[in-house]
Structure formats: C-alpha cells, structure tokens
Amino acid sequence: EVQLVESGGGLVQPGGSLTLSCAASGLSFSSYWMHWVRQVPGKGLVWLSRIIGDGSNIVYADSVKGRFTISRDNTKNTVYLQMNTLRAEDTAVYYCAGHRGGWSEDYWGQGTLVTVSS
Amino acid sequence: DVVMTQSPLSLPVTLGQPASISCRSSQSLLSSDGNTYLNWFLQRPGQSPRRLIYKVSNRGSGVPDRFSGSGSGTDFTLKISRVEAEDVGVYFCMQGTHWPYTFGQGTKLEIK
C-alpha cells in the first residue's frame, strides 16, 4: 500500500520557520515528481512547489519563492518543505503529493496543519 | 498564471441523475509534448484530494465508469452519468501543463 505521511506542522509565530517532511512508502520514490500544495480550510488548493525525481529541477509559486525551499532525499524516500519568514496568510493545511506517468499515477498525503499566529 | 474557471460552483443533484461540471482555462492546455494535462479531482469532506481523471479523459485506477471527462484546448467537462451518494464533495479541475499548476475554484456537489 502506498502511503505519504506528512509531519512537522504546528503553531509558529509570524516571522518564524518550520520544516515539513513527507515520508513515502510502497512506491518507487525516485521515479515520482513530488509536490507541496496547500489549502486554507474551506478554500481552494494552491500549488507551492515541485521537485522532479532526481532533484535536478525545482520550481516555486511566486507566493513562496525566496521563502520556501523544497528538497528530497531519495535514500530516505522523503520530501521536505523548509518554510521561512512565515506570515499569517501561510496558515493552511499543507499536502504533499507525488505523481508520475503524466498523472496516470498520483498519491496524496493526509495533510498537516500549519498555523502562523502570535 | 493560468486561471481555471469552473461552473457551476454549487451543484445540487438528485440521486441517480446526471451531473456536469465545466472548466475553462485562460490559456490552451495543449503541451509541447502533445499531451493536455487537465485533471479532475474530488475532495470529500475531511479528506485529501483524489484524482478521478487525468489528461482530459483518462479514468484513474478504481474510478467508476460513471465518471467521464472530455474537452480540448481551453474548454473541458466532467460528467457523472448517475450521481451516487458517495459522489458528494468538491470537484476541482487542475492544469499541469503550465507552471505554476493551478486549480479551479471548486464545484460543491450535494444531493438534493
């Protein structure tokens, strides 16, 4: 069974930092492009960042460019999202997702809640 | 960014009746590799998104055949031939051709 399990969410003060992890199991991790997507509860989905299988190509949405960093460790089957200079508007549920084969295969984690508040 | 516009945003449907959701993109989703990366997702309450359709019209593994997708270029449609109770939730279209990938606003399907 394929599982993506996010961790690292929680309460952080504005201006603070947090690193999310997403541990994958049951799949050939290095063949998947991995993504971070967030959703304010009750609102829509917003793509944040994507990293390809070998980590050689990374892209970010403008809203997080320069503040967030995606990375992956294929030896640990884990993708990370380091988040710096957090703002109240970064409060959301953060999902990791992986896909390959033109989206013929994709998997999503259960999400982890990040709350930015003083 | 490519803007994805869904309609309707709310869709009350009687059990057993068909349903249809439209999704329009602000740019063509035809990729340079010849594929059109338009996917449909269903997010049930309290759950992660689940992909139903990929590349416009391909049903994912385990997706019931009452779901079908069609369209090209900038105009796409998701159809449910006969709505069942488990189909309740929010449906999102998503484009994966242009970065950043973008989603539609979501269409909330409820049973009348």
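Scroll up a little and you will see the structure.
What comes next is a walk through the structure. Because the structure is predicted, anything quoted here is derived from the model rather than measured. (Residues numbered from 1 in each chain as written. Chains lettered and ligands numbered in written order. Predicted model: local features only at pLDDT ≥ 70, side-chain atom pairs only at ≥ 80, totals over all residues. Heavy atoms only, no water.)

Residue and element names in this part refer to chain A. The 4 strands lie next to each other as β1-β3-β8-β7, forming an open sheet whose pairing is antiparallel. This sheet does not close on itself; its edge strands, each paired only once, are β1 (3-7) and β7 (68-73). The average undirected angle you get between the axes of adjacent strands in this sheet is 15°. As paired strands, β7 and strand β8 (residues 78-83) are joined by 6 bridges and run antiparallel to one another. Within the sheet, the bridge partner assigned to T69 lies in β8 and is Q82. (Pairing = 2+ DSSP bridges. Helix = DSSP H or I, 4+ residues; strand = E, 2+ residues; numbered from the N terminus. Axes fitted to C-alpha atoms, helices over the stretch in contact; angles between N-to-C directions.)

What follows concerns the pairing of β8(A). Residues and elements named next belong to chain A. Direction of pairing for strand β3 (residues 18-25) relative to β8: antiparallel, over a ladder of 6 bridges. By the bridge assignment, T19 is partnered in β8 with Q82. Between β7 and β8, which follow one another and run antiparallel, lie 4 residues, and N77 among them has a positive phi close to 50°.

Residues and elements named next belong to chain B. Pairing is antiparallel across the open sheet formed by 4 strands, whose spatial order is β1-β3-β8-β7. The strands lining the two open edges of the sheet, one partner per strand, are β1 (4-7) and β7 (67-72). Averaged over all neighbouring strand pairs, the angle between strand axes comes to 20°, with direction disregarded. Pairing geometry for β1 and strand β3 (residues 19-25), over 4 bridges, is antiparallel. The residue of β3 that forms the bridge with Q6 is C23.

Contacts between the two partners involve 24 residues from chain A and, on the opposite side, 15 residues from chain B. A buried area of about 1,600 Å², summed over both sides, lies between chain A and chain B, and 64% of it is on carbon and sulfur atoms. When the buried surface of chain A facing chain B is broken down by residue, A:L45, A:W47 and A:W103 rank first, second and third, together holding 41% of it. Counting every contact that joins chain A to chain B gives 1 salt bridge. Across the pair B:R51 and A:D106 runs a salt bridge whose closest N-O atoms are separated by 2.8 Å. The interface formed by chain A and chain B includes 7 residue pairs in polar contact (both at pLDDT 80 or more). Elements represented by at least two residues in the side of chain A that touches chain B include exactly β4 (33-39), β5 (45-51), β6 (58-60), β9 (92-100) and β10 (105-108) of chain A. Among the elements that make up the side of chain A that touches chain B, the one with the highest residue count is β5(A) (6 residues). Taken together, the residues of the side of chain A that touches chain B break down into 12 nonpolar, 9 polar and 3 charged. (Contact = heavy atoms within 4.5 Å. Buried area = accessible area lost by both parts, 1.4 Å probe. Salt bridge = Lys/Arg side-chain N within 4 Å of Asp/Glu carboxyl O. Polar contact = N/O pair within 3.5 Å; in protein donor to acceptor, adjacent residues only side chain to side chain. Nonpolar A, V, L, I, M, F, W, Y, C, P; charged D, E, K, R; others polar.)

Attention now goes to the side chain of A:R38. Residues and elements named next belong to chain A. As for its position among the elements, R38 is in strand β4. Classification of R38 by relative accessible area gives buried; the value is 11%. Only 2.8 Å separates the side chain of R38 from the side chain of D90, close enough to count as a polar contact. Ignoring sequence-local partners within four residues, the contact set of R38 consists of G44, L45, V46, L48, S63, V64, F68, E89, D90, A92, V93 and Y94. (Buried < 20%, exposed > 50% of the residue type's maximum accessible area, 1.4 Å probe, protein only.)

With that settled, consider unusual backbone geometry. With an omega dihedral of -5°, the bond running from B:S7 to B:P8 counts as a cis peptide bond. In this fold, B:P8 is placed in the loop between β1 and β2 (10-13). Cis geometry marks the peptide bond from B:W99 to B:P100; its omega dihedral reads 0°. Looking at where B:P100 falls in the secondary structure, it is placed in the loop between β9 (89-95) and β10 (102-103). Here A:W103, not a glycine, exhibits a phi torsion of approximately 75°, which is positive. Positive phi, normally seen in glycine, also occurs at B:K55, with a value near 45°. Mapped onto the secondary structure, B:K55 falls in the loop between β5 (50-54) and β6 (58-59). Take B:K55: its relative accessible area is 23%, and that puts it in the partly exposed class.

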